[in-house]
Amino acid sequence: MKTTSAHDERIANMVFASVYPHYVNKVEKKGRTKDDLHKIITWLTGFDDCKLQELINEKVTFKTFFAVAKLNPNAHLIKGVICGYRIEEIETPLTKKVRYLDKLVDELAKGKAMEKILRK
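Residues numbered from 1 in each chain as written. Predicted model: local features only at pLDDT ≥ 70, side-chain atom pairs only at ≥ 80, totals over all residues. Heavy atoms only, no water.

Novice: Account for the packing of helix α2 (residues 16-29) against helix α6 (residues 93-109), with residues named and values stated.
Specialist: Viewed as axis vectors pointing N to C, α2 and α6 meet at an angle of 20°, and their least axial separation amounts to 9 Å. If you check the angle between α2 and α6, you find them roughly parallel. When the axes of α2 and α6 are compared, the crossing they make is right-handed. Residues F16, Y23, K26 and V27 of α2 pack against L101, D102, V105, D106, L108 and A109 of α6. Each residue belonging to the contact of α2 with α6 can be placed in one class, and the counts come to 7 nonpolar, no polar and 3 charged. (Axes fitted to C-alpha atoms, helices over the stretch in contact; angles between N-to-C directions. Helix = DSSP H or I, 4+ residues; strand = E, 2+ residues; numbered from the N terminus. Parallel < 35°, antiparallel > 145°, perpendicular 65-115°, else oblique. Left-handed = near helix turned anticlockwise from the far one by under 90°. Contact = heavy atoms within 4.5 Å. Nonpolar A, V, L, I, M, F, W, Y, C, P; charged D, E, K, R; others polar.)

Following this line, the structure appears as structure tokens:
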């Protein structure tokens, strides 16, 4: 599925710190923890808690967030549909990375085992 340039631009300019609390609420509402959330973010991006907090405090955009991330080499194993888009068909690299994160958060909230979320 092809995203529009306006859609991709909106995602690129979205501030990670504005979305992060929604990730926390989503997983905690379903009985998972903030530590679990940080574990999946660390797996995907390579960020430790300190770096993650720094990026939140700096109010970086998703574009900057993923520009400094070291994407996990197994991220390509994240597949499925999120927000109406099949991840493996998204052509814009940044949009695909953001949807990877969305998919991991969704799997965490749905109670999927951590080993499966982290593609072990």
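Novice: Break down the packing of aromatic side chains for me, with residues and values.
Specialist: One pass over the full model with this rule turns up 8 aromatic pairs. For the pair F16 and Y20, a centre-to-centre distance of 5.8 Å together with 45° between the ring planes defines the contact as tilted. Residue F16 and its partner Y20 are both found in helix α2; the two are separated by 4 residues, about one turn of the helix. For F16, a relative accessible area of 0% corresponds to the buried category. Measuring from centroid to centroid gives 5.7 Å for F16 and F62, while their planes differ by 90°, and the two rings are edge-to-face. Here F16 is found in helix α2, whereas its partner F62 is found in helix α5 (residues 62-68), with 46 residues between them in sequence. Here the aromatic cluster, defined as three or more aromatic residues joined through ring pairs, consists of F16, Y20, Y23, F47, F62, F65 and F66. (Phe/Tyr/Trp six-rings, centres within 6.5 Å; stacked < 30°, edge-to-face > 60°. Buried < 20%, exposed > 50% of the residue type's maximum accessible area, 1.4 Å probe, protein only.)

Read these as geometric descriptors, not functional statements.
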